[in-house]
Amino acid sequence: MELMKYNDFDVQVDEFYNQLKTNYLNQIELATDKEYAKAFFYSQYFERNVNVPKDSFFFNTLSKTLIHNYRLNPEMAIFNTMDKLYLIRERAELILNATLDSYDYAQIDSRSFLQEELLEKELYLLALEVPELVNLLALFLAIKKLKAEFPKDDSIELFSLDAPLLTENTAKKSKAKTTAVFTESQQIIAIHFILESLGVQARRDYSLAAYARFTHLIARKSITIIENSPKHGMIKRLHNYKDEKHPSLKDLKSILPYFKDMRLDAIVEKIEMEINFKEEEENKK
């Protein structure tokens, strides 16, 4: 019977529950201020557990489906949830593709880095196999039970590294040290000119997917489904010769000084030619 595949789900939930509860109570026992410790380790183990995906449409929908089914029939909850997995994946992929299509690769700045992280996390979760998803749902359910058993005390203010630790003047001095912020599109354009100077040509010597994996290596970004990566989308636009917007004039002018500083004259010449061409095209309009 298909249901047999999920027979160990309750065992997984119990294992996570017992492990987290033991760790939580042990940490409180060791603490001097028990009430503060309760609030702090509630946050660490239950509320902000790093192993439970956050801000994911796919996992949020999957976990809400589990809770819905659990309230109706606990014994069949995981089976009924995973029975709808293909529909949840389809909806998540539709939303993800719409997000990727609307992603403005030419206007990416430092504020967009978080958005890219969220996209890559969504891709990672969508690529997980059923046993991995069941394991995540077991952890999610165990934490939900523990949160009900140990209510949160909102009256205690916890220390956070996210809080500002510098004075206003120190923060201004620290901020002043940052002289440039580089976008991902600038990074990819720079790599493009470097490879081109080595005689390596796109689509002749490598696929766009290989190019994307190479940029992930340099940027220390994890790889999931590379074809859906925001980097892959930027690279595709860069090598689409009918797309006059890529590379943008702004990005070309931004990377040029760094190649000049390195005295990479051959690359400088190519970038300047591209800049002149785009400026002439703009003047014609």
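Residues numbered from 1 in each chain as written. Predicted model: local features only at pLDDT ≥ 70, side-chain atom pairs only at ≥ 80, totals over all residues. Heavy atoms only, no water.

Visitor: Honestly, the overall build of the protein chain in this entry has me stumped. Any pointers?
Guide: From N to C terminus, the protein chain includes 13 helices and zero strands. Secondary structure elements of the protein chain occur, N-terminal to C-terminal, as α-α-α-α-α-α-α-α-α-α-α-α-α. Within the protein chain, the proportion of its 285 residues that are buried is 39%. Of the contacts formed within the protein chain by residues at least 6 apart in sequence, a portion of 72% connects residues at least 24 apart. Roughly 18,300 Å² of accessible area belongs to the protein chain as shown, and the carbon and sulfur atoms make up 53% of that amount. (Helix = DSSP H or I, 4+ residues; strand = E, 2+ residues; numbered from the N terminus. Buried < 20%, exposed > 50% of the residue type's maximum accessible area, 1.4 Å probe, protein only. Contact = heavy atoms within 4.5 Å. Areas by Shrake-Rupley, 256 points an atom, 1.4 Å probe, with all protein chains shown as cover.)

Visitor: So what exactly am I meant to see when it comes to the nonpolar core here?
Guide: The nonpolar side chains of a soluble globular protein tend to be buried with one another. By size, the foremost hydrophobic cluster in this structure holds 45 residues, and its most contacted members are Phe-9, Phe-46 and Phe-58. Elements represented by at least two residues in this core include exactly helix H1 (9-30), helix H2 (34-47), helix H3 (57-72), helix H4 (77-83), helix H5 (85-102), helix H6 (113-126) and helix H7 (130-149). If one sorts the elements of this core by residue count, H7 sits on top with eleven residues. Leave out the neighbours within four places in its chain, and Phe-58 touches Leu-85, Ile-88, Arg-89, Ala-92, Glu-122, Leu-125, Leu-126 and Leu-133. (Core = buried A, V, L, I, M, F, W, Y, C linked by side-chain atoms within 4.5 Å.)

Visitor: Which parts of the structure should I look at to understand the packing of helix H12 (residues 249-261) against helix H13 (residues 265-284)?
Guide: Geometry of a packed helix pair, given as the angle between the helix axes and the separation of the axes. Contact pair H12 / H13: the axes reach a minimum separation of 10 Å and the direction vectors enclose 155°. In terms of axis orientation, H12 runs roughly antiparallel to H13. Crossing handedness for the pair H12 and H13: left-handed. Packed against H12, whose contacting residues are Leu-249, Leu-252, Lys-253, Ile-255, Leu-256, Phe-259 and Lys-260, the element H13 presents Ile-267, Val-268, Ile-271, Glu-272, Glu-274, Ile-275, Lys-278, Glu-279 and Glu-282 at the interface. Partitioned by chemical class, the residues of the contact of H12 with H13 number nine nonpolar, no polar and seven charged. (Axes fitted to C-alpha atoms, helices over the stretch in contact; angles between N-to-C directions. Parallel < 35°, antiparallel > 145°, perpendicular 65-115°, else oblique. Left-handed = near helix turned anticlockwise from the far one by under 90°. Nonpolar A, V, L, I, M, F, W, Y, C, P; charged D, E, K, R; others polar.)

Visitor: How should I be thinking about a nonpolar patch on the surface in this particular structure?
Guide: Together, Phe-214, Leu-217 and Ile-218 make up an exposed nonpolar region whose accessible area comes to about 300 Å². Relative to the elements of secondary structure, Leu-217 occurs in helix H10 (residues 208-219). Take Leu-217: its relative accessible area is 60%, and that puts it in the exposed class. (Patch = residues over 30% accessible without salt bridge, like charges linked within 9 Å, V, L, I, M, F, W, Y side chains within 5 Å. Salt bridge = Lys/Arg side-chain N within 4 Å of Asp/Glu carboxyl O.)

Visitor: Would you mind going over helix H9 (residues 184-197) with me for this structure?
Guide: Residues that lie three or four places apart on an α-helix share one face, since the helix turns once every 3.6 residues. Helix length check: H9, at 14 residues, gives a terminal C-alpha distance of 20 Å against a target of 20 Å (1.5 Å per residue), a fit within 8%. Counting buried residues along H9, ten of its 14 residues qualify, which places the element largely inside the surrounding structure. Following H9 by one or two positions, Gly-199 has its phi on the positive side, about 85°. (Expected span 1.5 Å × (residues − 1).)

Visitor: How should I be thinking about the side chain of Ser-43 in this particular structure?
Guide: Relative to the assigned elements, Ser-43 resides in helix H2. If sequence neighbours within four positions are ignored, Ser-43 has contacts with Arg-48, Asn-49 and Leu-158.

Visitor: Mind showing me how you'd approach the packing of H2 against H7 here?
Guide: At their nearest, the axes of H2 and H7 sit 10 Å apart, and the two run at 155° to each other. The pairing of H2 with H7 is recorded here as roughly antiparallel in orientation. For the pair H2 and H7, contact is made by Tyr-42, Tyr-45 and Phe-46 and by Ile-143, Leu-146 and Lys-147, respectively. Here the residues of the contact of H2 with H7 sort into five nonpolar, no polar and one charged.

Visitor: Hey, could you run me through the side chain of Ser-63 in this one?
Guide: With respect to the secondary-structure elements, Ser-63 resides in helix H3. Setting aside chain neighbours within four positions, we find Ser-63 in contact with Leu-137 and Phe-140.

Visitor: Sorry if this is basic, but what is going on with unusual backbone geometry here?
Guide: Generally, phi is negative for residues other than glycine and the peptide bonds are trans, each holding for most cases. Its identity as a non-glycine residue notwithstanding, Asp-55 has a phi of 55°, on the positive side. Along the chain, Asp-55 turns up in the loop between H2 and H3. Phi is positive for Arg-263, close to 55°, though the residue is something other than glycine. Inspection of the secondary structure assignment puts Arg-263 in the loop between H12 and H13.

Visitor: Just checking my understanding: could you explain the environment of Lys-147 for this structure?
Guide: Along the chain, the position of Lys-147 falls in helix H7. Accessibility expressed as a relative area gives 34% for Lys-147, which makes it partly exposed. When the C-alpha positions of Lys-147 and Glu-47 are compared, they lie 8.0 Å apart, and in sequence the two are 100 residues distant.

Visitor: What exactly am I supposed to notice about a positive patch on the surface here?
Guide: A surface patch of positive charge is lined by Lys-54, Arg-71, Lys-144 and Lys-147. Checked against the element boundaries, Lys-54 lands in the loop between H2 and H3. (Lys, Arg positive; Asp, Glu negative; His and termini not counted. Charge placed at Lys NZ, Arg CZ, Asp CG, Glu CD.)

Visitor: Which parts of the structure should I look at to understand the packing of aromatic side chains?
Guide: Two aromatic rings, taken as a pair, are described by how far apart their centres are and by the angle between their planes. Tallying each qualifying case throughout the model produces seven aromatic pairs. Geometrically, the ring pair formed by Tyr-24 and Phe-46 is tilted, given 4.9 Å between the ring centres and 45° between the ring planes. Taken together, the positions of Tyr-24 in helix H1 and Phe-46 in helix H2 put the pair 22 residues apart, joining distant regions of the chain. By the burial criterion, Tyr-24 is buried, and Phe-46 matches it. A ring pair is formed by Tyr-42 and Phe-46, whose centres lie 5.5 Å apart and whose planes are at 85°; its orientation type is edge-to-face. Of the two residues, Tyr-42 and Phe-46 are both situated in helix H2; the distance of four residues between them amounts to about one turn of the helix. (Phe/Tyr/Trp six-rings, centres within 6.5 Å; stacked < 30°, edge-to-face > 60°.)

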